[in-house]
Amino acid sequence: MLVKDFMIREVFVARPDFTLKEILRILIDNKVGGVPVVDEHDKLLGMVTDGDILRYLTPAEEAIMGYFTYITVLPGEELDEKVTSKMNDKVSQIIKNKRITKLSPEDPLDELIKVLSKHHFKKIPVVDKNDKVVGIISRGDALRALYKEFVQKLE
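The rules behind the values
Per chain, the residues get numbers from 1 upward, laid out in the order the sequence is written. The model is predicted, so local features are restricted to residues of pLDDT at least 70 and side-chain atom pairs to those at 80 or more, both for listing and for counting; the totals for chains, interfaces and linings are taken over all residues. In computing side-chain values, all of the structure's heavy atoms are included and hydrogens and water are not. The numbering of helices and of strands both runs from the N terminus, where a helix is a DSSP run of H or I of at least 4 residues and a strand a run of E of at least 2. Only the protein chains shown count as covering a residue, and every accessible area follows the Shrake-Rupley method with a 1.4 Å probe. Relative accessibility under 20% of the residue-type maximum defines a buried residue, over 50% an exposed one, and the middle range a partly exposed one, all with a 1.4 Å probe and only protein chains included. Contacts are assigned to residue pairs that have any heavy atoms within 4.5 Å of one another. The rule for pairing is simple: two strands pair if DSSP sees at least two bridges between them. Any carboxyl oxygen of Asp or Glu within 4 Å of a side-chain nitrogen of Lys or Arg constitutes a salt bridge here. Surface patches are defined over residues having more than 30% relative accessible area and no salt bridge, joining like charges when they lie within 9 Å and nonpolar side chains (Val, Leu, Ile, Met, Phe, Trp, Tyr) when within 5 Å. Side-chain atoms within 4.5 Å link the members of a nonpolar core, which is a set of buried Ala, Val, Leu, Ile, Met, Phe, Trp, Tyr and Cys residues. It is the directions from the helix axis to the C-beta atoms that the arc portrays.

## Here we look at the overall build of the chain
Tallying secondary structure elements over the chain gives 6 helices and 6 strands in all. Listing each helix as α and each strand as β along the chain from the N terminus yields α-β-β-α-β-β-α-α-α-β-β-α. Surface accessibility of the chain: about 10200 Å² in total, with carbon and sulfur atoms responsible for 55%.

Okay, structure coming up:
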């Protein structure tokens, strides 16, 4: 069984200049947990997930800074302040991981399982030989494929 046999082909994508507000709308309206970020030629630049957004919006805690004998206490930040101030930030500011893990439609199921378990990702973009996004695959998709390929045959 190959990735192309069970990947999701209808992929919602984001561009680096999309705002956080636009990304949230895509995730919520389409009930997805992450989207590939692509350039104007649909080439993969990275991924932005619900986890990335939550980490990005984590309010700063109170900080103590010392400069030799002078100590400054910086106040923490409230969630509503953080969210409000970040809604127009660009996707390019949210993407932290520059290493992109991706799969090919021709990769076998066991390669997908290895990648998912090694990196603890929930979603992985699937790209063609030109690095153009052609699908996306999730842990749930992998479990359904495992069930269909192995468990159902035992029944």
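## A closer look at the environment of K148
Topologically, K148 is positioned in helix 6 (residues 139-154). We classify K148 as exposed; its relative accessible area is 53%. Once residues within four sequence positions are removed from consideration, K148 is found in contact with M1 and K153.

## Notes on the pairing of strand 2 (residues 44-49)
By the criterion of burial, strand 2 is predominantly enclosed, with 5 of the 6 residues buried. In this antiparallel pair of consecutive strands, strand 1 (residues 34-38) and strand 2, the connection spans 5 residues, and D42 shows a positive phi of 65°.

## Structural notes on unusual backbone geometry
Note on backbone geometry: most residues besides glycine have negative phi, and most peptide bonds are trans. Non-glycine residue K31 carries a positive phi angle of around 55°. Tracing the backbone shows K31 in the loop between helix 1 (20-30) and strand 1. By relative accessible area, K31 is classed as exposed at 77%. One non-glycine residue, D131, lies in the positive phi region at around 70°. Tracing the backbone through its elements, the reader meets D131 in the loop between strand 5 (123-127) and strand 6 (133-138). Assessed through its relative accessible area of 23%, D131 is described here as partly exposed.

## Description of the pattern of salt bridges
The tally for this structure, following the rule as stated, stands at 6 salt bridges. Between R15 and D42 there is a salt bridge, with the nearest N and O atoms lying 3.2 Å from each other. With R15 in the segment before helix 1 and D42 in the loop between strand 1 and strand 2, this residue pair connects regions lying 27 residues apart in the sequence. D42 sits in the partly exposed class, given a relative accessible area of 26%. K86 is paired through a salt bridge with D89; the nearest N and O atoms lie 3.8 Å apart.

## Focus: a nonpolar patch on the surface
On the surface, Y147, F150 and V151 cluster together to form a nonpolar patch covering roughly 270 Å² of accessible area. Locating Y147 in the fold gives a position in helix 6.

## Description of the nonpolar core
Counting residues in each nonpolar core, the largest one holds 15 residues, and the members touching the most others are L20, I23, V35, V37, V48, I53 and V91. At the level of elements, helix 1, strand 1, helix 2 (50-56) and helix 4 (91-94) are the ones that each hand at least two residues to this core. Of the residues forming this core, the biggest block, 4 residues, is contributed by helix 1. Residues contacting V48, with those up to four places away along its chain left out, are I23, G34, V35, V37, I53, V91 and I94. With 13 residues, the next largest nonpolar core counts M7, V115, I124 and A142 among its residues.

## Points about helix 5 (residues 109-119)
Taken residue by residue, helix 5 has L109, L112, V115 and L116 as its buried positions. The buried side chains of helix 5 occupy one side of the element, clustering within an arc of 125° when seen end-on. Immediately beyond the C-terminal end of helix 5, within one or two residues, lies H120, with a positive phi of roughly 60°.

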